[in-house]
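Each chain, letter by letter, is given below.
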Amino acid sequence: MNHWIIAPILLPAVVAPFIIMVIRYHRDLQRVFSVASVVALNLIALVLLAQAMDGTIGVYELGDWPAPFGIVLVLDRLSAMMVLLTTLLALAVVLYAIGSGWDTRGRHFHALFQFQLMGVLGAFLTGDAFNLFVFFEVLLIASYGLMIHGGGATRLRAGVQYVVYNLLGSSLFLIALGTLYSVTGTLNMADLAVRVAELPAEDTALLRVGAVLLLLVFAIKAAVLPLHFWLPASYANAPMPVAALFAIMSKVGGYAILRMYTLVFGPDLAVTDGLVGDWLLPAALLTLAAGSIGVLGARELGRLVAFSAIASMGTLLIAISLFTPQAATAALYYVIHSTFATAMMFLVADLVIERRGGALIPTPPMPQGGLVAALFFAGAIALAGMPPLSGFVGKLLVMDAARDSDQVWTVWAVILVTSLITIVGMARAGSILFWKAHDHSVLPPDPPEHTDDGAPVAADLAPEPVPGLAFVPVFALLTALVALTVLAGPAMRYTEATAAQLFAPADYIETVLQRPGS
Amino acid sequence: MELLLASAVGILTASGIYLILRQRSFPVIIGLSLLSYAVNLFLFATGRLALNQPPILNKYAEAAYTDPLPQALVLTAIVISFGMTAVVVMIALSAYLSARNDRIDMTDETGEDA
């Protein structure tokens, strides 16, 4: 059996308790182990990608119980890509957290970070619906800890809201899984696909309920309108490096939609035909619109980036909800872009907030203002989808994929108009942050004793940040965006092969259930 | 039996949702607990209701049995919801102690955004 598949889950599961129990008082050792673990995860992800590249589907049976009786982990092109995306993002975030000193502003940052990675990677690899729920809970419980890292009254209150919202989502998830189990008698995704296809058409009312409930759960995670209310307050009040890591968490929702609704409730399935696409597309369009209007209306930098994250989820879900191989190709390209761009923007926002606070009002120039302004400009271009960065390529692909849809004019109009609104919003924020600072009428504000949330101001607290290291991950993410643009050809070939694999699930089902071709 | 279980799930869910909509940490946490009880009962019933049956297949006789898998699922769900309740109690408590306000919708007493 190929043991590489479980390595991305085992490694953080071992490193995190080790950090808590053995080296809890050694800050430098914690940093070394955390970075080493993330680097190792990157290497593992590369091995997995190499294995999945040629289209083989790897199956890992936990405890050697054959599917559908045991839990399986499944590695296909989509899983391998998402795992690598997560580990690359994690490397940038952990370096930034160390470089900016964020990891020392509360306890157990690195341990929680490893648990969070374990949950995310597990969710991408599992082939069992209930196991997906368990990994969702693992990543959520770690994210609760990370979300309130560093403390402060506003952050804690936002944390309560975030936890309560997600607990409700988890209850809904269990109800959906229970409904599916009561109809099909299985929770293995491949087996579900077989059983659902065999159900007689008149016996599917409960199944449709289950399918819609499951979509609701994933829509909460993906922050689809009207279930997006948790996201702006949570992301804007979380520590910015943590928010950058959360950029992959909303993608977990998108991934789960793509996985479940191509494999189990596929586009060819008569009983759930039109159930998903018809609802998801208008919701995705509204999400995109709400996100970009939020960018324009935000009065605080953290919220601005959080709303742009919602907008990019909207674009991604438009592509997913078309449910054609071409649209899935565009969606997979866009998911890479959107993860890196959103994370980069959160890190740039942290650079700005550390220097002058997050409110979008003119203040005197900040140190290293030119460099930060250049990074903000690059990130804004990427998020708004302007050339020359990959956001432009991504949006072009999504629009091209929508060309055969009945809704083509609505989709094009919404994408183009919201891009314009986002550009205006970003330009407004950028000029307030960086240009109005040089206006001589701006007076320096009284030095604040405390920030809004009651925490002491960052400058007094930040313990000896490693100079310059904070900029390295931001530039690395920018480089990743440039590389994604330059290497758009090879990236597209991979996502095209991935989409082809997703829309031909027979291979996946046969491999997991180990049935000779029936 | 079916009526009893279904109405228990329904009443627990309804009370849970009512309490969550109160938007104060204590009722919300109680509401979440009630909701998780409702979910556990519901999960239990997904294997069909069978009274006094062993959760084992007997290969010597065509004996009736009850589905063991939902019981395992309920066990997992109970453990997870217990842990989550502990976490939310801790976070809500520290939020209340630092902000002196137990509303969970990020507005203060006067309805202004915090």
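Residues numbered from 1 in each chain as written. Chains lettered and ligands numbered in written order. Predicted model: local features only at pLDDT ≥ 70, side-chain atom pairs only at ≥ 80, totals over all residues.

Peer 1: Teacher, can you tell me more about the overall build of chain B here?
Peer 2: Secondary structure assignment for chain B yields three helices and zero strands. Counting all 114 residues of chain B, 30% fall into the buried class. Here the analysis covers contacts within chain B between residues at least 6 apart in sequence; of these, 50% occur between residues at least 24 apart. (Helix = DSSP H or I, 4+ residues; strand = E, 2+ residues; numbered from the N terminus. Buried ≥ 20, exposed ≤ 12 C-beta atoms within 10 Å, placed from the backbone. Contact = placed C-beta atoms within 7 Å.)

Peer 1: Is there a simple way to think about the packing of helix 5 (residues 129-147) of chain A against helix 10 (residues 240-263) of chain A in this case?
Peer 2: Helix packing geometry: the angle between the two helix axes and the distance between the axes. Residues and elements named next belong to chain A. Following both chains from N to C, one finds helix 5 and helix 10 inclined at 160°, their axes separated by 11 Å at the closest point. As summarised for this structure, helix 5 and helix 10 are arranged roughly antiparallel, according to the angle between their axes. With respect to the hand of their crossing, helix 5 and helix 10 are arranged in left-handed fashion. Of the residues in helix 10, those touching helix 5 at Leu 132, Leu 139, Ser 143, Leu 146 and Met 147 are Val 242, Phe 246, Met 249 and Ala 256. Across the contact of helix 5 with helix 10, the residue classes break down as eight nonpolar, one polar and no charged. (Axes fitted to C-alpha atoms, helices over the stretch in contact; angles between N-to-C directions. Parallel < 35°, antiparallel > 145°, perpendicular 65-115°, else oblique. Left-handed = near helix turned anticlockwise from the far one by under 90°. Nonpolar A, V, L, I, M, F, W, Y, C, P; charged D, E, K, R; others polar.)

Peer 1: Help me understand the environment of A:Ala480, please; the structure alone is not making it clear to me.
Peer 2: All names here are of chain A. For Ala 480, the position within the fold is in helix 18 (residues 471-486). Among the residues examined, Ala 480 registers 22 C-beta atoms within 10 Å and is labelled buried. Through-space distance from the C-alpha of Ala 480 to that of Phe 246 is 18 Å; in sequence the pair is 234 residues apart. If near-sequence neighbours (up to four positions away) are discounted, Ala 480 is found in contact with Leu 88 and Phe 340.

Peer 1: Would you mind showing me how to read the interface of chain A and chain B here?
Peer 2: Often, the extent of an interface is quoted as the loss of accessible area upon association of its parts. Each partner contributes to the interface: chain A provides 26 residues, whereas chain B provides 29 residues. Of all the elements in the fold, those that place two or more residues in the side of chain A that touches chain B are helix 5 and helix 6 (153-184) of chain A. Of the residues that constitute the side of chain A that touches chain B, the class distribution is 17 nonpolar, seven polar and two charged.

Peer 1: Explain the packing of helix 12 (residues 301-321) of chain A against helix 15 (residues 390-401) of chain A here, please?
Peer 2: All names here are of chain A. One can describe the packing of helix 12 onto helix 15 by two numbers: an axis separation of 10 Å at closest approach and a directional angle of 35°. As for the relative orientation of helix 12 and helix 15, their crossing is left-handed in sense. Facing Thr 315, Ile 318 and Ala 319 of helix 12, the residues of helix 15 in contact are Lys 395, Val 398 and Ala 401. Residues belonging to the contact of helix 12 with helix 15 are distributed by class as follows: four nonpolar, one polar and one charged.

Peer 1: So what exactly am I meant to see when it comes to helix 2 (residues 27-52) of chain A here?
Peer 2: Each full turn of the α-helix corresponds to 3.6 residues, which orients residues three or four apart in the same direction. All names here are of chain A. Taking 1.5 Å of rise per residue, 26 residues should cover 38 Å, and helix 2 covers 37 Å from first to last C-alpha, within 8% of that figure. The complete set of buried residues in helix 2 reads Gln 30, Arg 31, Phe 33, Ser 34, Ser 37, Val 38, Leu 41, Ile 44, Ala 45, Leu 48 and Ala 52. Summarising the contacts, the buried residues of helix 2 are in contact with helix 1 (7-21), strand 1 (58-61), strand 2 (72-75), helix 3 (77-100) and helix 4 (109-125). (Expected span 1.5 Å × (residues − 1).)

Peer 1: I would appreciate a short explanation of the nonpolar core in the present structure.
Peer 2: Across soluble globular proteins, nonpolar side chains have a tendency to be buried as a group. Residue and element names in this part refer to chain A. Ranked by internal contacts, the top residues of the largest apolar core, which has 231 residues, are Ala 319, Ala 331, Ala 343 and Val 348. Here this core takes 20 residues from helix 13 (residues 325-356), the largest share from any one element. Non-local contacts of Val 348, meaning those with residues more than four positions away in its chain, are made with Val 372, Leu 375, Phe 376, Gly 379 and Val 474. (Core = buried A, V, L, I, M, F, W, Y, C linked by C-beta atoms within 7 Å.)

Peer 1: Looking at this structure, how should I read unusual backbone geometry?
Peer 2: Omega for the bond connecting A:Leu225 with A:Pro226 falls within 30 degrees of zero, at 0°, which places this linkage in the cis form. With respect to the helices and strands, the residue A:Pro226 is situated in the loop between helix 8 (205-221) and helix 9 (230-237). A cis amide bond links A:Pro387 to the next residue, A:Pro388, at an omega of 10°. You can see A:Pro388 is positioned in the loop between helix 14 (369-384) and helix 15. Positive phi outside glycine occurs at A:Gln368, with the angle close to 55°. In this fold, A:Gln368 is placed in the loop between helix 13 and helix 14. Here A:Gln368 falls in the exposed class, since 12 other C-beta atoms lie within 10 Å of it. For B:Arg100, which is not glycine, the phi torsion reads 55° and is therefore positive. Positionally, B:Arg100 belongs in the segment after helix 3 (68-99).

Peer 1: Which parts of the structure should I look at to understand the confidence of the model for chain B?
Peer 2: The predicted coordinates should not be examined in detail at positions where pLDDT is low. Residues and elements named next belong to chain B. Per-residue pLDDT for chain B averages 85, and the proportion of residues at 70 or more is 89%. When mean pLDDT is compared element by element in chain B, helix 1 (residues 2-20) scores highest at 94, while helix 3 scores lowest at 90. At the level of chain-chain contacts, confidence expressed as ipTM amounts to 0.91, with global pTM at 0.91. (pLDDT = per-residue confidence, 0-100.)

Peer 1: Would you explain the environment of B:Pro55 in this entry?
Peer 2: Residue and element names in this part refer to chain B. Relative to the helices and strands, Pro 55 resides in the loop between helix 2 (25-45) and helix 3. Residue Pro 55 is classed as partly exposed on the basis of its C-beta count, with 14 C-beta atoms lying within 10 Å. On a C-alpha basis, the gap between Pro 55 and Pro 68 in space is 5.0 Å, while along the polypeptide they are 13 residues apart. Excluding residues that lie within four positions of it along the chain, Pro 55 makes contacts with Tyr 65, Thr 66, Pro 68 and Gln 71.

Peer 1: What's the story with the environment of B:Ala77 in this structure? I'm lost.
Peer 2: In this structure, B:Ala77 sits in helix 3. Judged by local crowding, B:Ala77 falls into the buried class, with 27 C-beta atoms found within 10 Å. For B:Ala77 and B:Leu97, which are 20 residues apart along the polypeptide, the C-alpha to C-alpha distance reads 30 Å. Apart from the residues lying within four places of it in its own chain, the contact partners of B:Ala77 are A:Leu174, B:Val39, B:Asn40 and B:Leu43.

Peer 1: Could you clarify how one ought to interpret the confidence of the model for chain A in this entry?
Peer 2: In this model, chain A carries an average pLDDT of 88, and 94% of its residues clear a pLDDT of 70 or more. Mean pLDDT per element in chain A: helix 17 (residues 458-461) of chain A is the minimum at 46, and helix 4 of chain A is the maximum at 95.

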